[in-house]
Structure formats: C-alpha cells, structure tokens
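As a plain string of letters, each chain reads:
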Amino acid sequence: MPWLNRATADRIKYEFKDVDIEFTKHTTNLYVKKERLLDLLKHLREKEGFKHFIDHTCIDFPDRKERFQAIYILYNPDTNERVIVKTWATDGKLPSLEKLWKCARWAEREAYDMFGVVYEGHENLRRMFMWEGYPYHPLRKDFPLEGFPEVELPSLTELYAGRTDPPSHDFELVHTRVATLEDLERTEKARLQKKAQLVLNWGPLHPGTHGTIWFLFDLDGENVVQCDVILGQLHRGMEKIAENLYYFQFLPYTDRMDYISAICNELAYVNAVEKLLDVEVPEKARYIRTMFAELQRINSHLLWLGTGALDLGALTVFLYAFREREKIMDIIEGNAGFRLTSAFLRIGGVHYDLAEGTLDVVKAFVKDFPNRLKEYHNLLTRNRIWLRRTKDVGVITREDVFNYGLTGPVARGSGVPYDIRKLEPYAAYDEVDFDIPVGEVGDVYDRYLVRMEEMVQSLRIIEQCVAKLEKMPKSAPYINKEHPAVMAPKEEVFKDLEDMVKNFRIVVHGESAPPGEVYASGENPRGELGFYIYSTGGSKPYRLRIRSGALYNLSIFPKLIEGRTIADAIALLGSLDPVVGETDR
C-alpha cells in the first residue's frame, strides 16, 4: 500500500512549518509537537482525507526525558495511502482523540493500561485489560516479562498439613498478582455508572459471547440504555512476549490470537517480518500461502455461520457448517500436522511442501462446496425468522466505519470496499482474480450476505491457486533458504553442513534485523490484522504492536446496542464475529 505522497507532504509542511516529515523505506512519518497534535490530525482528517483510523500505540524509551512516543496510523480511502503521525508525551500526558475518532477511546485506554500514559479529555480513562487497582503497566521496559512475584499462593496440601520440608510442591510459592473478587467488583463499578433500572452482566462465560467477554447492560425493561465491555480475561501479554523472542520464535504465538484462522495470522506476521528483513518468497510458497489462507477463511466463516445461526435458534445450519469445516481441518492437518494452531508458515516460505494428494482433495472440496452453500442459503437467506432477527438490526454507516476503525466484513457490509488483499496485495493475491462483496444497508443481514459471498470468492481464489500449483514442478522451492535470515528445511539440514551451521546460528542468536520500522497487515476473516515493528537492530524487535481488527470491530458494539433489546445483542455480536484471543492478545 502506498504511503503519504510528496505532494501531500509539501502541503502539510506549508500549513505546519514545525512538522518534520520522514520518508523511510517502509513508511512515511510526520513528527509533531504534542501541542499541535490535534490540529495536525484534524487537518489530515478534514483537509487531506485521512479519515479512516487504523491504530494507535506507544513506544517506551526509558532513557529519554520524554519517555513515551505515541504512534498514530491513518488511512486515506480516496488515494489508498497510509501515514504515521508521531509525537512525544509530555510528563506522560497526551490529548485524547475521542472527539475526532470514537475508537480512539479504546486505543487510548489500552495505552493507558499498558504504558501509564494519561489522555487529557478522555471521558472515562480506565484499564483496558488489567483490573482496576493493578499497580503496574506491563509494556513498560522496566516491567519484567514474568511480572513481579509478590503474592504467596500455597498448595492445597499445605493448607491441611502445613509447610513441609522438603516442600510438598514443585512450583514457586510467590506469584504475580491475581485479581480478587473485590478487584473485579471495583472494575465493574468503574466501567458503568447505573442510570436505569438494572445492570445485567452478560458473560464472560455465557456461550452467546463467543469467548470470555464481559458485557454490562444498563437496562430499562428489556431495552439497553447504555453498555460497556470488559476485556482482558484472555490477555496473555503477546506484545511483551514478542519483545523477548527472536522473530522466528514468535510465529507460533500468532496462532493463539485468532485461533479460528491461525494461518491467516501467520501470514500477516511473516509478511511484516519479511518486509523488515527484505526476504523474497518463492512463487510456489506464495501460492501455497494464498490457497491455505483462503481455506482458513472459509473455515472461519463456517464457524461464524454455524454458531451465529445456533445463537438465533437454527441448529441444522450449525451441524451442516461443521460437516464442511471438518474437511478443511483435515486438509490443514494433512499438511501442517496440526488442526488448529498449525504453525505451517515460515519466514521466507512454508514449513513443508504440499503433501501427496493435497491438490486432488482441495479440488474435490471446491467442486462440492457450492452445493453446500446453496443448502445454507435455502435454510437461512429467505427464512422469515432469520430476516426478523437480522434485518435493520445494528446498522453501521459509512462514517461509522471510519470513526471506529472498522475493517473486514464489518466494513464491507456497510459499503466500504476496504480489503487488504486488493489495496496492498501480499502472497499471490495480485495474481488471482476475485471480487470484493459489499453491502448496502450495513445491518446484520448485510454482514451475513457479505460473508456468504466471501466464501464464494475464496473458492475462486483457491481454484486458481490449485491450477497454478499443478503446473509447477515438484522440485520448485517452497522456502527461500538462501537468505541468511531464513532457516533451511529440516530434511536438508541433515544433508548439508552449511544449512546446519546457518540454522544453528539462527536458533542460538536469532535473525539479524536492520534498524527501522515497518507496518504490514493481512486481510483476516475478522478484518485487518496488522503488525507494527520498531527495530533498533539485532534479533528481537524493540517494539511489536499487534493491530487487532476484532478489537476495533467490537468497539462499536456499545453504540449499536443502545436502545435495542437484549435479544438483539446476540445477533449483533455474532455479526461482528470477535475472537477473544485476538482482542485480548
């Protein structure tokens, strides 16, 4: 995807003399003083067309006087350009952007939670993932990876028999803090001030929440007056972990974010790392990646379809969807060795060549699946109960898409053709033909139709990939083992001394990445999954930010549910299709 062009940069420089503009290999950055930040961002939004909010985060530089540098990524849908705006937090404070972009509330809360940056003018600056009262900010460089062990948690044996010598346990007695019931009650009260009759807790263990999401509904009868969402039950510190691992070591962790579409996560991640390391991927690997990413997209949409229909009472669709999903899982398992968290991709290619007979099985699936889609349509698309539950529910406007940073089927359902596969092609997407389905109304029903048509387009892409792969020789390389940062396949390591030495060096010392920064993303089933990497050189990223499409899509839920009934919450949340492993990271 192109970045801010020089003509636009010159206009900005003319309006803001104190703004410094930097053109790097992978990004275009605008440096502005904190006092002028809001003016510059308002100008970019209203005058230059950068109205789509993509992400916001911070980087901690503890040795600097102004410790925290803020990063804002914006997108111009008219010119298909991105830009990064940077500023320094003075005394740990920054102005809030929530009046410019609504989704900035959640991004700022996350930065406050993880770094301790205070946003002046924020309407309710609370923790995003940790509980209220937690004294630390985990993404600061002085916070250790394992946390601060300060709470003693004795074993059950010790509760009855007392402390023994030797000890009866094989773990450390002192652990990091865990939330108490009092902490959770304090967190709940801080998120929502009751205005109506009753505050209803929905989740975090209700099956309708599709994961450990905790919703608070302030109800007047069955109508929702206001709503807030409590996240963090599945927060595992993914970004902190990434800063302490070599680039290749972090790849399996990406599977555990959106665990419904692991290969798509891997693809977005390796795409960013390959840009940073300047790795060229062989043609065969690009087509294998594309084919499996689209199989994974259908797999994910089938899970959405089955569970979403089940939530509204349609059991048959759930059973049918899992029938086809099982076939895709078998294909993935036959090639990666794992069904769910596959770790199939590698920096520079894929882990294995295609297993014998894979293309024949994929062709059989492509031939059969259109008939299965017809079954789903026959059951739902004109079903009067389905129509009553989805039509004109949760309408998202085009402006909402930009204000809330929405991407994926949620954005396309509102008529915004935002698809990274077209706007910034990666893998082999620039070599295959497919269409981008969009909606007209932007309601739950439109988002349903968009995902259904996306499965059709995924079949088209898979069919083209199969045709291309069938023409390639078996000996065609599936990984760029010649690059110094790419490990050779295991079977070749045992035959070639140079490959063995190189793999040993990478495993022990990691890849040697150049200083610089890169932002790259992939079109996941839930929207844009982006990786911002800030490198100071060496084998580990200084800062790795994960831009979650599911998180930003979920941020509009409180607005959409206001004035609706609890029953609508089920249909509405299903249409947003969040996966908590990605929202919480």
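Residues numbered from 1 in each chain as written. Predicted model: local features only at pLDDT ≥ 70, side-chain atom pairs only at ≥ 80, totals over all residues. Heavy atoms only, no water.

Chemist: Account for the overall build of the protein, with residues named and values stated.
Modeler: A tally of regular secondary structure across the protein gives 22 helices and 17 strands. On C-alpha atoms alone, the protein measures out to a radius of gyration of 24 Å, which is about the 25 Å that the 2.2 N^0.38 rule sets for 585 residues. Along the first, second and third principal axes, the C-alpha set of the protein runs to 75 × 65 × 60 Å. When each of the 585 residues of the protein is scored for burial, the buried share is 58%. Across the protein, contacts joining residues at least 24 apart in sequence account for 67% of those joining residues at least 6 apart. Accessible area of the protein: about 24,100 Å², with a carbon and sulfur share of 53%. (Helix = DSSP H or I, 4+ residues; strand = E, 2+ residues; numbered from the N terminus. Rg over C-alpha atoms; globule rule 2.2 N^0.38 Å. Buried < 20%, exposed > 50% of the residue type's maximum accessible area, 1.4 Å probe, protein only. Contact = heavy atoms within 4.5 Å. Areas by Shrake-Rupley, 256 points an atom, 1.4 Å probe, with all protein chains shown as cover.)

Chemist: Residue-level account of the pattern of salt bridges, with values.
Modeler: Within this structure, the stated rule accounts for 54 salt bridges. A salt bridge links Glu98 to Arg105; the shortest N-O distance between them is 3.9 Å. The class for Arg105 is partly exposed, based on a relative accessible area of 25%. For Arg526, the salt bridge is made with Asp258, and the minimal N-O distance between the two is 2.8 Å. With Arg526 in the loop between strand E15 (513-524) and strand E16 (527-538) and Asp258 in the loop between helix H7 (247-255) and helix H8 (262-277), the pair connects residues that are 268 residues apart, well separated along the chain. Taking relative accessible area as the criterion, Arg526 reaches 3% and is therefore assigned buried. The network of salt bridges with shared partners includes Asp55, Glu110, Lys141, Glu239, Glu243, Arg543, Arg545 and Arg585. (Salt bridge = Lys/Arg side-chain N within 4 Å of Asp/Glu carboxyl O.)

Chemist: How would you sum up the environment of Leu379? Please name residues and give values.
Modeler: Position of Leu379 relative to the elements: it lies in helix H11 (residues 358-380). Its relative accessible area of 30% is what places Leu379 among the partly exposed residues. Taking the C-alpha atoms as reference points, Leu379 and Val317, 62 residues apart in sequence, are found 7.3 Å from one another. Beyond its immediate chain neighbours, meaning those up to four positions away, Leu379 contacts Thr316, Val317 and Tyr320.

Chemist: Can you lay out the pairing of strand E2 (residues 28-31) for me, pointing to particular residues and giving the numbers?
Modeler: In this sheet, E2 lies alongside strand E1 (residues 20-23) in antiparallel orientation, the contact comprising four bridges. Counterpart to Asp20 in the pairing with E2 is Tyr31. Looking at chain direction, E2 and strand E5 (residues 81-88) are connected through three bridges and run parallel. Its bridge partner being in E5, Tyr31 is matched across the sheet by Lys86. (Pairing = 2+ DSSP bridges.)

Chemist: Lay out the sheet that holds E1 in plain terms, naming residues and giving numbers.
Modeler: Ordered in space as E1-E2-E5-E4-E3, the five strands form an open sheet in which the pairing is mixed. Taken across any chain shown, the strands that pair with only one partner, and hence form the sheet edges, are E1 and strand E3 (52-60). Recorded for the sheet is a direction-independent mean angle of 20° between the axes of neighbouring strands. Of the strand pairs in this sheet, strand E4 (residues 68-76) and E5 are connected by eight bridges, and their pairing is antiparallel. Opposite Ala70, over in E5, you have Thr87 as the bridge partner. Set on the sheet, helix H2 (residues 37-46) makes contact with E2, E4 and E5; between it and E5 the angle comes to about 170°. Here helix H3 (residues 104-115) sits on the sheet in contact with E3 and E4, set at roughly 10° to E3. (Axes fitted to C-alpha atoms, helices over the stretch in contact; angles between N-to-C directions.)

Chemist: Outline the packing of aromatic side chains, listing residues and values.
Modeler: Overall, the coordinates contain 31 aromatic pairs when judged by the stated rule. Ring centres of Trp131 and Tyr134 lie 5.0 Å apart, and the angle between their planes is 70°; on these two criteria the pair is classed as edge-to-face. Aromatic pair Tyr136 and Phe148: ring centres 4.8 Å apart, planes at 45°, arrangement tilted. Residue Tyr136 is found in the loop between strand E7 (118-120) and strand E8 (151-152), and its partner Phe148 is found in the loop between E7 and E8; the two are separated by twelve residues along the sequence. An aromatic cluster is defined as three or more aromatic residues linked by ring pairs; in this entry it consists of Trp131, Tyr134, Tyr136, Phe143 and Phe148. Stacked on the ring of Phe23, the Lys or Arg Arg6 has its end atom at 3.9 Å from the ring centre. (Phe/Tyr/Trp six-rings, centres within 6.5 Å; stacked < 30°, edge-to-face > 60°. Lys NZ or Arg CZ within 6 Å of the ring centre and 35° of its normal.)

Chemist: Tell me about helix H1 (residues 6-15), and please be specific about residues and values.
Modeler: Residues Thr8, Ala9 and Ile12 constitute the buried set of H1. Seen along its axis, H1 keeps its buried residues to an arc of 100°; they face one direction. Across H1 from its buried face, at more than 90 degrees, point the exposed residues Arg6, Asp10 and Tyr14. As for H1, its buried residues are in contact with E1, E2 and H2. You can read the cap of H1 off the contacts: a side-chain oxygen lies 3.1 Å from the backbone nitrogen of Ala7, and it is on Asn5. (Arc of directions from axis to C-beta. Polar contact = N/O pair within 3.5 Å; in protein donor to acceptor, adjacent residues only side chain to side chain.)

Chemist: Please provide a residue-by-residue account of the sheet that holds strand E17 (residues 543-547), values included.
Modeler: Overall, antiparallel pairing links the three strands, which are arranged E15-E16-E17 in an open sheet. Looking along the sheet, the strands with just one partner apiece sit at the ends: E15 and E17. Each neighbouring strand pair of the sheet contributes to a mean axis angle of 5°, computed without reference to strand direction. Summarising the sheet, E15 and E16 pair through eleven bridges and their orientation is antiparallel. From the neighbouring strand, Gly516 faces E16, where its bridge partner is Ser535.

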